[in-house]
Amino acid sequence: MCLFCVPMPYIRCVVWIMSVWMWKSPEVLLYCRCSEGREPVFISDMASFKPTKVQFLPKLGEKVTEDTLYWKNYKSPVQIKEFGAVTKIDFSPLAPHNYAVTASTRIHVYGLHSQEPIRSFTRFRDTAYGGSFRGDGKLLVAGSEEGLIRLFDISGRVALRQFTGHSKAVHVTSFLSDGFRVVSGSDDLTFRVWDVPSAVELSSITEHTDYIRALAPSKLNPDLFVTGSYDHTVKVFDMRSGSSVMTMQHGHPVECVLLYPSEALLVSTGGRYVKIWDLLKGGQELVSLKNHHKTVTCACLSSVGNKLLTGSLDRHVKVYNSSYKVVHNFDCDASILSMAVAPDDEVVAVGMTNGVLSVRHRKHKKDKETLTSRRRRGPSYRVFVKGKNFVPRQDDFLVSKPVKQYLRKYDKQLKSFEVSKALDTALQTWTRTSKPEVTVAVIIELNRRGTLKNALAGRNEESLTKILNFLLKHIFDPRFSRPLLTVGDIVLDLYRQVLHQSPVVERQLQRLMEVLGREAELQQELLQVLGILDTLFASLTPRKEVAALAALPVDQGPQLQAA
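Procedures and definitions
Residues numbered from 1 in each chain as written. Predicted model: local features only at pLDDT ≥ 70, side-chain atom pairs only at ≥ 80, totals over all residues. Heavy atoms only, no water. Pairing = 2+ DSSP bridges. Helix = DSSP H or I, 4+ residues; strand = E, 2+ residues; numbered from the N terminus. Axes fitted to C-alpha atoms, helices over the stretch in contact; angles between N-to-C directions. Phe/Tyr/Trp six-rings, centres within 6.5 Å; stacked < 30°, edge-to-face > 60°. Buried < 20%, exposed > 50% of the residue type's maximum accessible area, 1.4 Å probe, protein only. UniProt positions renumbered as here; feature names shortened; annotations may be inferred.

## Observations regarding the sheet that holds strand β3 (residues 78–81)
Backbone hydrogen bonds hold the strands of a sheet together, and the pairing may be parallel or antiparallel.
Part 1 of the argument: One open sheet accounts for four strands, arranged β3-β30-β29-β28; its pairing is antiparallel. This sheet does not close on itself; its edge strands, each paired only once, are β3 and β28 (336–341). The average angle at which neighbouring strand axes cross in this sheet is 20°, direction not considered.

Structure, rendered in structure tokens:
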């Protein structure tokens with residue numbers, strides 16, 4: 001006899017005996033004569049726990065474009081620890097495109113695929129700033145906190161030239177496009193032009209009224225360069241006139257200036273704003289972007305398509321398309337101070353305040369081929385003995401071993417009926433921020449079991465605040481609105497009498513009621529618009545029918561009347 005044959009009073013005893021056997025051998029098979037023609041039943045199959053089903057619904061957003069796919073095609077970042085905050089990164093314009101990293105009292109030169117510096121310049125008594133390559137990639141110029149400007153040969157270690165004249169720190173230095181002059185900007189409110197062969201100061205101009213922290217020389221004209229200052233201005237200078245020829249008001253302390261290759265457009269960053277200026281129209285402002293949450297500290301252009309990249313203290317690098325819409329976003333571990341892209345877009349290097357250099361390399365087809373060409377796992381012993389193409393015969397009995405089920409932490413807690421702990425696990429910081437659909441799936445499962453009210457009851461201020469924050473963030477998401485509205489109703493019913501005991505919870509509930517009221521008003525307005533549209537569509541329908549009837553032949557009129 002078996003469970004399918006015995007009367008009901010004996011089933012409990014048999015199940016208890018079977019459960020004892022299953023503790024030692026979970027693969028207990030229920031089989032008897034009366035079950036012939038039916039598949040064997042395992043005790044473990046009858047008592048198995050079904051894990052929570054998480055529905056990954058599509059998220060509303062912009063369509064995936066070619067620019068998005070292009071900038072997603074980078075590997076995970078390689079992090080290199082420097083001795084201090086990375087204030088400047090500059091790539092050599094010539095192959096193999098090594099890049100100089102200015103941090104603390106050193107300048108390190110790295111290869112594209114090296115994690116150790118291939119050259120180091122350490123002849124600085126104080127913090128170094130603004131290490132930049134010349135157009136031929138053979139010379140390097142840098143300023144310092146002590147007000148000195150040093151010129152290095154890439155193949156050597158000792159400074160070839162040392163320019164003295166600034167009375168305060170020199171934060172920006174660069175070569176002019178002719179390669180024989182160096183321009184520098186300092187905290188003494190002056191910028192100076194130096195002659196490389198003779199190490200003589202050619203000119204000194206003071207037009208800014210605050211620190212000079214941005215510099216961009218022209219590559220088409222050796223006498224033009226652009227400066228940005230903390231006095232909120234961006235100025236274009238012409239060495240032939242010895243003064244500025246154009247001034248633009250950025251509105252915030254300027255951190256970076258950048259010229260497009262055609263030099264018809266100029267980019268300035270400062271505060272939360274990125275502004276694009278048209279130099280051919282006398283410095284007219286074209287676009288003002290406000291996509292960052294904190295100060296934008298750096299900007300650069302890609303080689304392919306001249307896409308604009310900006311880095312900010314909010315730890316994000318944003319990539320813009322030709323219409324200045326954000327198409328991709330790189331996340332970093334700390335605030336960003338500097339950034340550069342290799343001339344062929346092979347490497348994106350980001351310098352941060354915590355002294356970490358983050359380097360991302362582009363993926364290639366060769367990398368994918370090497371992964372697929374690796375030796376695959378060989379066949380198991382059973383397949384190896386029987387042969388790869390072995391087919392069981394008709395009289396053979398195939399014994400299958402159930403696959404072991406691995407449960408998530410919240411599923412284990414649900415299995416043991418710990419509903420409050422399961423909800424706490426689903427409301428952990430990483431889960432509720434990165435995968436809110438998991439949290440909602442646990443809430444739906446609790447509601448299906450009828451234990452959602454028990455899971456929400458008896459909570460302290462901290463845990464209740466997490467639930468209310470989750471509601472405020474996701475209750476208007478059409479994917480989650482229905483179960484979260486149920487949660488909101490239960491929370492109000494449970495804690496309505498004790499709201500005055502916690503001002504934090506009371507404030508959050510007031511916010512929730514306000515946003516729900518605004519959403520209800522918006523839905524009413526949308527329903528009114530929908531009613532207007534339905535009326536318009538209904539009024540247009542008869543006209544179409546009349547037009548269709550008028551187009552019919554005359555002899556079909558009696559037939560239509562008869563019908």
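## Points about the packing of aromatic side chains
Part 1 of the argument: Under the criterion given, the structure shown has twelve aromatic pairs.
Part 2 of the argument: Their ring planes at 40° and their centres at 4.8 Å tell us that F121 and F152 sit as a pair that is tilted. In this pair, F121 sits in strand β7 (residues 119–121) while F152 sits in strand β10 (residues 149–153), placing the two residues 31 residues apart along the sequence.
Part 3 of the argument: Here F152 falls in the buried class, since its relative accessible area comes to 0%.
Part 4 of the argument: An angle of 80° between the planes, with centres 5.0 Å apart, marks the rings of F191 and F225 as edge-to-face. Remark: F225 occurs in strand β17 (residues 224–229) and F191 occurs in strand β14 (residues 191–195); sequence separation between them is 34 residues.

## Comments concerning the sheet that holds strand β9 (residues 139–144)
Part 1 of the argument: Overall, antiparallel pairing links the four strands, which are arranged β8-β9-β10-β11 in an open sheet. Every interior strand has two partners, whereas the edge strands, β8 (128–133) and β11 (159–163), have only one. On average, each strand axis in the sheet is inclined to that of its neighbour by 20°, with strand direction left out of account.
Part 2 of the argument: In terms of strand pairing, β8 meets β9 through four bridges, oriented antiparallel. Looking at β9, one finds that A128 is bridged to S144.

## Brief notes about the UniProt feature "repeat: WD" (unreviewed entry) in the protein
Part 1 of the argument: When the UniProt feature table is mapped to this numbering, "repeat: WD" (unreviewed entry) covers residues 163–204, 205–247 and 289–321.
Part 2 of the argument: The span residues 289–321 carries 0% helix and 52% strand; its end-to-end C-alpha distance comes to 13 Å.

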